[in-house]
Amino acid sequence: MTQELIAFVGVVGETFTRNVPISIALAVVFTVLTWFSACNPGRPWWHKRDLITDLCYWLFIPVITRFLRIGLLIAVAALVMGITTSEGLVAFYENGHGPLAALPLAVQGVIFLIGQDIILYWTHRWFHGQRFWKYHAVHHSSEELEWISAARFHPINLFLGSVMADVVMLFAGISPNVFVVLGPLTIAHSAFVHANLDWTLGPFKYVIASPVFHRWHHTAAERGGEKNFAATFPILDVLFGTFYMPAGELPDRYGIADRSFPQTFGAQLVHPFTR
Ligand SMILES: [Zn+2]
Ligand SMILES: [Zn+2]
């Protein structure tokens, strides 16, 4: 038991220390960029009303994600492949498996990103439905949308969203080594699309999600929300008829209609189970 506890603390510590330098770099970069190109002028991100809430998510969500991902990888391997030993798990996942693992790592990375984004597009739309909105409302509850709002996700949303998408791709055979590069890139891009920037990326707006693209997603339905579901590739929204970036207009006013929605980390975690 003591050994498991030490291993657990080790994983938590390692996740923290890996994410701290990335977080500091993102804070500096987005502070400077927002100074010059804010989408919505106003107070800086460190004066955000619910900064503590966002910091809690920013610190703990990578740890929660990591454990949820490991748990689901083990469960899927056991249920579908009958693999129950640690040696079997390592052999199955360590460097991928099957035809996908035979491809160059860069190609696997591209396949991973595309496959993951298609899954995330549909799970995201699913979370906007009546049944699962209570979990996804946490992500939309940020009224002062900033780069640090990016990690604000309820664990159920994470589990049935990005964790499930990752596991599907790893189970299909993609090597987890793609995370070495894609892990930090995904964190940076997620922070980027939530950053308070007026960047549309011009002609590349269909190629890669921009801050303006995703900030529209965070507005109310009548203002343009319920659009732009793609995490990385807006072409998915073009294909499925949900792309929305009106020319010459910038999004404003974010958040959800429920004025009684809690604003603290702990209260938001339990909120979906309270009714
Ligand atoms: Zn959403
Ligand atoms: Zn968002």
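As a starting point, this report considers the structure included with it. (Residues numbered from 1 in each chain as written. Chains lettered and ligands numbered in written order. Predicted model: local features only at pLDDT ≥ 70, side-chain atom pairs only at ≥ 80, totals over all residues. Heavy atoms only, no water.)

**Remarks on the coordination of the zinc ion (ligand 2)**
Geometry sets the ideal angles at a metal, namely 109.5 degrees for four tetrahedral donors and 90 or 180 degrees for six octahedral donors.
Here comes step 1: Taken together, the protein donors to the zinc ion (ligand 2) comprise His139 (NE2), His194 (NE2), His214 (NE2) and His218 (NE2), at separations of 2.0 to 2.1 Å.
Here comes step 2: Along the chain, the residues donating to the zinc ion (ligand 2) fall in the pattern H-x54-H-x19-H-x3-H. On the criterion of sequence distance, the pair formed by His194 in helix α8 (residues 179-194) and His218 in the loop between α9 (211-217) and α10 (235-239) is long-range, its members being 24 residues apart. Across the pair, His218 and His194 agree in class, each one buried. (Donors = N, O, S within 2.8 Å, 3.2 Å for Na, K, Ca; no water. Helix = DSSP H or I, 4+ residues; strand = E, 2+ residues; numbered from the N terminus. Buried < 20%, exposed > 50% of the residue type's maximum accessible area, 1.4 Å probe, protein only.)

**Some details on the environment of Leu59**
Here comes step 1: Checked against the element boundaries, Leu59 lands in helix α2 (residues 51-81).
Here comes step 2: Under the relative-accessibility criterion, Leu59 is labelled partly exposed at 37%.
Here comes step 3: Sequence separation between Leu59 and Val12 is 47 residues; the distance between their C-alpha atoms is 10.0 Å.

**A few points about the side chain of Ser23**
Here comes step 1: With respect to the secondary-structure elements, Ser23 resides in helix α1 (residues 2-37).
Here comes step 2: The class of Ser23 is buried, set by a relative accessible area of 13%.
Here comes step 3: One polar contact links the side chain of Ser23 to the main-chain carbonyl oxygen of Asn19, over a distance of 2.6 Å.
Here comes step 4: Setting aside residues no more than four positions away along its own chain, Ser23 makes contact with Trp58 and Trp147. (Polar contact = N/O pair within 3.5 Å; in protein donor to acceptor, adjacent residues only side chain to side chain. Contact = heavy atoms within 4.5 Å.)

**Here's the deal with α8**
Here comes step 1: End to end, α8 covers 21 Å across 16 residues, agreeing with the expected 22 Å (1.5 Å per residue, within 8%).
Here comes step 2: Buried residues belonging to α8 abut α1, α2, α5 (105-127), α6 (133-140), α7 (155-171) and α9. (Expected span 1.5 Å × (residues − 1).)

**Some words on the coordination of the zinc ion (ligand 1)**
Here comes step 1: Around the zinc ion (ligand 1), the protein supplies His124 (NE2), His128 (NE2), His136 (NE2), His140 (NE2) and His217 (NE2) as donor atoms, at distances of 2.1 to 2.2 Å.
Here comes step 2: The motif formed by the donor residues of the zinc ion (ligand 1), counted along the single chain, is H-x3-H-x7-H-x3-H-x76-H. With a gap of 16 residues between them, His124 in helix α5 and His140 in helix α6 connect regions that are remote in the sequence. Taken individually, His124 and His140 each receive the classification buried, so the pair is uniform in this respect.

**Regarding the side chain of His154**
Here comes step 1: Within the secondary structure, His154 sits in the loop between α6 and α7.
Here comes step 2: The residues touching His154, leaving out its near neighbours within four places in the chain, are Tyr135, Val138, Gln268, Leu269, Pro272 and Phe273.

**Details of the packing of α2 against helix α3 (residues 86-93)**
Here comes step 1: Where α2 meets α3, the axes come as close as 11 Å, and the angle between the chain directions of the two elements is 95°. On the basis of the axis angle, α2 is roughly perpendicular to α3. Here Leu73, Ile74, Val76, Ala77 and Met81 of α2 come into contact with α3, specifically with Leu89, Phe92 and Tyr93.
Here comes step 2: The class makeup of the residues in the contact of α2 with α3 is eight nonpolar, no polar and no charged. (Axes fitted to C-alpha atoms, helices over the stretch in contact; angles between N-to-C directions. Parallel < 35°, antiparallel > 145°, perpendicular 65-115°, else oblique. Nonpolar A, V, L, I, M, F, W, Y, C, P; charged D, E, K, R; others polar.)

**Concerning the packing of aromatic side chains**
Here comes step 1: What the rule picks out here adds up to 22 aromatic pairs.
Here comes step 2: Between Trp122 and Phe240, the ring centres sit 4.9 Å apart and the planes meet at 65°, which makes this aromatic pair edge-to-face. Here Trp122 is found in helix α5, whereas its partner Phe240 is found in the loop between α10 and α11 (265-270), with 118 residues between them in sequence.
Here comes step 3: Its relative accessible area of 40% is what places Trp122 among the partly exposed residues.
Here comes step 4: Geometrically, the ring pair formed by Phe192 and Trp199 is edge-to-face, given 5.9 Å between the ring centres and 70° between the ring planes.
Here comes step 5: Residue Phe192 is classed as buried on the basis of its relative accessible area, which comes to 15%.
Here comes step 6: Through successive ring pairs, a cluster of aromatic residues spans Phe30, Trp45, Trp46, Trp58 and Trp147.
Here comes step 7: In this structure, Arg69 is placed above the aromatic ring of Phe179, and the distance from its NZ or CZ to the ring centre is 4.7 Å. (Phe/Tyr/Trp six-rings, centres within 6.5 Å; stacked < 30°, edge-to-face > 60°. Lys NZ or Arg CZ within 6 Å of the ring centre and 35° of its normal.)

**A look at the pattern of salt bridges**
Where charged atoms of side chains with opposite charge meet at close range, the side chains can pair.
Here comes step 1: Evaluated as defined, the whole model comprises 11 salt bridges.
Here comes step 2: In this structure, the salt-bridge partner of Asp54 is Arg152, at a minimum N-O distance of 2.9 Å. Highlighted residues: Asp54 in helix α2 and Arg152 in the loop between α6 and α7, separated in sequence by 98 residues. In this pair, the class of Asp54 matches that of Arg152, namely buried.
Here comes step 3: Between Asp252 and Arg253 there is a salt bridge whose closest N-O contact spans 3.9 Å.
Here comes step 4: For Asp252, a relative accessible area of 24% corresponds to the partly exposed category.
Here comes step 5: Judged by its relative accessible area of 62%, Arg253 falls in the exposed class.
Here comes step 6: Salt bridges sharing partners connect three or more residues here, namely Lys48, Asp50, Asp54 and Arg152. (Salt bridge = Lys/Arg side-chain N within 4 Å of Asp/Glu carboxyl O.)

This is a description of form; function is not addressed.
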